[in-house]
Amino acid sequence: MGTKILIIGANGQLGSVLTEELKNKFGDENVIASDLKERDNYNGIFEIIDATDSNRIEEVVTKYEINQIYHLAAILSAKGEETPLITWDINMKTLFNVLEVSRRNKIDRVFFPSSIAVFGEGAPLDNTPDDAYLNPATVYGISKAAGENWAQYYFLRYGLDVRSIRYPGVIGYQSLPGGGTTDYAVDIYHKAVLKEEFSCFLKEDATLPMIFMDDAIRATIELMDAPKKDINVRTSYNIAGISFAPAEIVAEIRKLYPDFKVKYEPDFRQEIASRWPRSIDDASAASDWGWKPKFDLKDITEVMIQKLQEKYKKGSRNKEILMF
Ligand code: SER
């Protein structure tokens, strides 16, 4: 039987782009997108799923004879701090539902995204290794650290082939992030292209690990394509893209928009960022499944500005309609 994929959280920053890539790879009829609400103008098979409802996940899995699940729904780091217990409930309940439905239905492969948010005090800030001490200070980070261990548990106990990446901040022109600490690095490009002043919620020297969307999607697909015997990390793989601080991205943007204005107004998200790594050691991903990023800050800036200029020229100034 061929590959039949269910994507949960298909309307999100990563999900919306990953869905298109998986459709290109496996064919429109083999990729079922799902989220809490239908996406406007979505071209493909779509099911409404609230992933806190395991019966509903199971219904869709059975209906389409799904054999791979990508579970991308979660409440991110900054948003999660508004309602810690609700965030914990949603992030964990949806994961348990996916793991249980996958176990019961003998799903071949499951993808569960983790994050640099699993790190905190006690992990080295530079070149943080996979197996650094995990001491997250956000509820999102706690849910991802716990989730990684549950993923490994389902692998060890039931043989469920769950695979995971700790994403750095993801930067792409196709979609918008929501509720994260690294979101500034997407927003800043929109403001530059709209010729508006940018207010940065991090300090100018707050270096964080980031990755371009193309690299993040390629990493996901390469990990999911890798032979099972090569996957030695069953919690989650570190992957690196590049690392930079707000001042560096501003300097790069000013090469193209010399008058770009920025003010720094750090808020609680600076606290979150200060505990996250500045750079990541991804040696295991490199040796197990050949991971290597392609885009540096200069490449990212050029592509982001060019694509956003095209989008804003074509349409309205409303960012919400930018998703393809
Ligand atoms: N981009 C995420 C966030 O900022 C990190 O996984 O919450």
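The structure displayed is predicted, hence computed values, not measured ones.

**Description of the packing of helix 8 (residues 246-254) against helix 11 (residues 297-314)**
A pair of packed helices is characterised by two quantities: the angle between their axes and the separation of those axes.
For step 1, the next point in the chain: Orientation of helix 8 relative to helix 11, taken along the N-to-C sense of each, is 55°, at an axis distance of 10 Å. Between helix 8 and helix 11, the angle is such that the two are oblique. The handedness of the crossing between helix 8 and helix 11 is right-handed. On helix 11, the residues touching E248, I249, E252 and I253 of helix 8 are L297, K298, T301 and I305.
For step 2, the next point in the chain: Within the contact of helix 8 with helix 11, the residues separate by chemical class into four nonpolar, one polar and three charged.

**Quick word on the sheet that holds strand 7 (residues 169-171)**
For step 1, the next point in the chain: What the three strands build is an open sheet, ordered 7-9-11; its pairing is mixed. In this open sheet, the two edge strands, each paired with only one partner strand, are strand 7 and strand 11 (242-244). Averaged over all adjacent pairs, the angle separating strand axes in this sheet is 45°, with direction ignored.
For step 2, the next point in the chain: With three bridges connecting them, strand 7 and strand 9 (residues 208-212) associate as parallel partners. From the neighbouring strand, I171 faces strand 9, where its bridge partner is F212.
For step 3, the next point in the chain: Its contacts with the sheet place helix 7 (residues 213-225) against strand 7 and strand 9, and it is angled at close to 80° to strand 9.

**Here's the deal with the side chain of Q68**
For step 1, the next point in the chain: Residue placement: Q68 occurs in strand 4 (residues 68-71).
For step 2, the next point in the chain: Overall, Q68 belongs to the buried group, its relative accessible area being 10%.
For step 3, the next point in the chain: Beyond its immediate stretch of four places on either side in the chain, Q68 contacts T3, K4, I5, L6, I107, R109 and M224.

**Observations regarding the sheet that holds strand 4**
For step 1, the next point in the chain: Pairing is parallel in the open sheet, where seven strands are placed in the order 3-2-1-4-5-6-10. On the outer flanks of this sheet lie strand 3 (45-48) and strand 10 (237-238), each paired with one strand and no other.
For step 2, the next point in the chain: Inspection of the sheet shows strand 6 (residues 162-167) paired to strand 10 by two bridges, in the parallel sense. Residue pairing for strand 10: R166 is matched across the bridge by N238.
For step 3, the next point in the chain: Strands in contact with helix 2 (residues 54-64) are strand 1 (5-8), strand 2 (31-35), strand 3 and strand 4; relative to strand 3, the strand with the most contacts, it is inclined by about 155°.

What counts as what
Residues numbered from 1 in each chain as written. Predicted model: local features only at pLDDT ≥ 70, side-chain atom pairs only at ≥ 80, totals over all residues. Heavy atoms only, no water. Axes fitted to C-alpha atoms, helices over the stretch in contact; angles between N-to-C directions. Helix = DSSP H or I, 4+ residues; strand = E, 2+ residues; numbered from the N terminus. Parallel < 35°, antiparallel > 145°, perpendicular 65-115°, else oblique. Left-handed = near helix turned anticlockwise from the far one by under 90°. Contact = heavy atoms within 4.5 Å. Nonpolar A, V, L, I, M, F, W, Y, C, P; charged D, E, K, R; others polar. Pairing = 2+ DSSP bridges. Buried < 20%, exposed > 50% of the residue type's maximum accessible area, 1.4 Å probe, protein only.

Geometric descriptors of this kind do not, in isolation, establish any biological role.
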